[in-house]
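Report on the structure
In case you want the letters, here they are:
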Amino acid sequence: IVLLCLAGGLVAGIVLSGFYPAFILSSYQPIKVLKGKLSATGQGARLRQALVIFQFTAAIIFITVTFAVYRQIRYMGEKDLGMDIHQTVCIWGPELTPWDSTFIQRTSSFVNDVENLPNVKNATTSFNLPGDRLGRIFEVQLVPDTIDQHYTTSKMAIGPKFIENYGIKLLAGRPFIFSDYNPDPEKVHSVIINESTLKLLGLRKAEDAVGQTLKFYDRTWNIIGVVADFHHHSLKLPIESIIFQPLQSNGQFISVKVQSENLAETVAGIKAKYLSYFPNNNFDYFFLDERFNKQYANEQLFGKVAGSITILAISVACLGLFGLVLFTALQHKKEVGIRRHLGATIQNLLVMMSKNFINLILISFVIGLPLSY
């Protein structure tokens, strides 16, 4: 539909741009044309002025739209998400390494060794990364529940130090520690919730939630902490209510926060540690902020398209104004010569010639700015 509208607009523009000159030329009498007795009609002048006003009004609207789009893109890139995703190298988990009772300890040892590398600030693990779509938990209940109220939340399985390493604010309670994890997921009973989940459960203060019991998956879970809300997805989406679980798997991501100095050497050191702990696995990595910002790819593309259209609109408007100025100057050639002979200065002539055009541009601003707003 969009392509058809653009094609229709292009065809209409070509037809109209050819029809109007043909219509004007056909109205002239050949004898007067040969004698040089052409005169501009008031109707033609009004049409030319209306076209200039329309062109500059369109240019003003496109300029405003482009400015707004770039401001929004810049805002989305600079807005505090409630967590720190910068300078974070993410590694795909060792899926070829089988899950067993030693996997959690091996991962913990790997993370500790990576943190001891030069230019590495910290490291952690998680099943999902910021920007990923989260799974859902249905039939969540607060125990004891006197009104049989059920809730639905998102879930996120995270490793030790995830909250601290991503700079997520802890409002009450404590983060996960190594003893909260267990190779048998049936023996895991601790959870952390965010502010949105706190409100969803009808609890007023973060301190009130610590020590409370939730029920889902036909099991009970103890709330050990509450964290502040953060933007897990792009700013286009609302903040989700999330329940964090101390679970790990061989398909999880490993997040390593690094410094910008000697980045290639740092990645090589991480790779060597990774292959020593998880042999026969591929070492694939990416930068989290680049992956997170891919959520704004459509907005960035729209900004480029809007910028191109704006440049085209400004060019067309300026060409239209130039044509009108040239046409008017030719019409007043004799008048300019007489005024110049009588002592008029260049400044006087410029004011006289440009007064009407400036008025047209001001009219365009009066029309265009409210429409842009």
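Details of the structure are given in the entry above.
What counts, and where the lines are drawn
Residues numbered from 1 in each chain as written. Predicted model: local features only at pLDDT ≥ 70, side-chain atom pairs only at ≥ 80, totals over all residues. Heavy atoms only, no water. Helix = DSSP H or I, 4+ residues; strand = E, 2+ residues; numbered from the N terminus. Contact = heavy atoms within 4.5 Å. Areas by Shrake-Rupley, 256 points an atom, 1.4 Å probe, with all protein chains shown as cover. Buried < 20%, exposed > 50% of the residue type's maximum accessible area, 1.4 Å probe, protein only. Polar contact = N/O pair within 3.5 Å; in protein donor to acceptor, adjacent residues only side chain to side chain. Pairing = 2+ DSSP bridges. Axes fitted to C-alpha atoms, helices over the stretch in contact; angles between N-to-C directions. Expected span 1.5 Å × (residues − 1). Arc of directions from axis to C-beta. Core = buried A, V, L, I, M, F, W, Y, C linked by side-chain atoms within 4.5 Å. Salt bridge = Lys/Arg side-chain N within 4 Å of Asp/Glu carboxyl O.

1. Quick notes on the overall build of the protein chain
Counting its regular elements, the protein chain contains 12 helices and 11 strands. Pairs at least 24 residues apart make up 79% of the contacts formed inside the protein chain by residues separated by at least 6 positions. On the protein chain, roughly 22200 Å² of surface is accessible, and the fraction owed to carbon and sulfur atoms is 62%.

2. Some points on the environment of F67
Secondary-structure assignment places F67 in helix α3 (residues 42-78). A residue is classified by how much of its surface remains accessible, and F67, at 53% relative accessible area, is exposed. For F67 and G303, which are 236 residues apart along the polypeptide, the C-alpha to C-alpha distance reads 8.8 Å.

3. Re the side chain of S190
With respect to the helices and strands, S190 occurs in strand β6 (residues 190-194). At a separation of 3.4 Å, a polar atom in the side chain of S190 contacts the side chain of D180.

4. A word on the sheet that holds strand β1 (residues 88-91)
Strands sit in the order β2-β10-β1-β11 across an open sheet of 4 strands; the sheet is antiparallel. Strands at the two margins of the open sheet, each flanked by one partner only, are β2 (120-126) and β11 (285-287). Direction aside, the axes of adjacent strands within the sheet are offset by 25° on average. Sheet topology note: the β1/β11 ladder contains 3 bridges and is antiparallel. Its bridge partner being in β11, V89 is matched across the sheet by F287. On top of the sheet, helix α4 (residues 103-115) reaches β2 and β10 (253-258); it is set at about 160° to β2, its chief contact.

5. A few points about the side chain of S255
By the secondary structure assignment, S255 is in strand β10. Within the structure, S255 has its side chain in polar contact with the side chain of Y166 (distance 2.8 Å). Setting aside its immediate chain neighbours within four residues, S255 contacts T88, V89, C90, N122, A123, T124, L129 and Y166.

6. Quick notes on α4
The terminal C-alpha atoms of α4, which comprises 13 residues, lie 18 Å apart, in line with the 18 Å expected from a rise of 1.5 Å per residue. Restricting attention to buried positions, one finds in α4 the residues F103, I104, T107, F110, V111, V114 and E115. Buried residues in α4, looked at end-on, bunch into an arc of 135°, giving them a common side. Residues of α4 that are buried sit in contact with β2, α5 (162-165), β10 and α8 (263-277).

7. Describing the pairing of strand β3 (residues 135-143)
The side chains of a regular strand alternate, residue by residue, between the two faces of the sheet. Of the pairings in the sheet, the one linking β3 to strand β4 (residues 151-157) comprises 4 bridges and is antiparallel in character. Its bridge partner lying in β4, I137 is registered against T153. Sheet topology places β3 next to strand β7 (residues 213-216); 3 bridges connect them, and they run antiparallel. Bridged to L142 within β7 is L214.

8. Considerations on unusual backbone geometry
Both trends apply: most residues other than glycine have a negative phi, and most peptide bonds are in trans. Here V143 and P144 are connected by a cis peptide whose omega angle stands at -5°. One non-glycine residue with positive phi stands out, namely D218, at about 60°. Secondary-structure assignment places D218 in the loop between β7 and β8 (219-227).

9. Here's the deal with the nonpolar core
Of all hydrophobic cores here, the largest spans 29 residues; its most connected members are I168 and F244. Breaking this core down by element, the ones donating at least two residues are α3, α5, β8, β9 (242-245) and α9 (288-293). No other element matches the 3 residues that α3 contributes to this core. Apart from residues no more than four positions distant in its own chain, I168 is found in contact with G82, M83, F162, I163, V227, A228 and F230. Of all hydrophobic cores here, the second largest spans 19 residues; its members include I137, L142, L214 and I243.

10. Digging into the pattern of salt bridges
If you walk through the whole model with that rule in mind, you get 9 salt bridges. With its nearest N and O atoms 3.3 Å apart, the salt bridge here joins K236 to E299. Here K236, found in the loop between β8 and β9, pairs with E299, found in helix α10 (residues 297-331); they are 63 residues apart in sequence, far enough to count as distant. Residues R339 and E335 are paired through a salt bridge, measuring 3.0 Å at the closest nitrogen-oxygen approach. Taken as a pair, R339 and E335 lie in helix α11 (residues 333-341) at a separation of 4 residues, close to a single helical turn.

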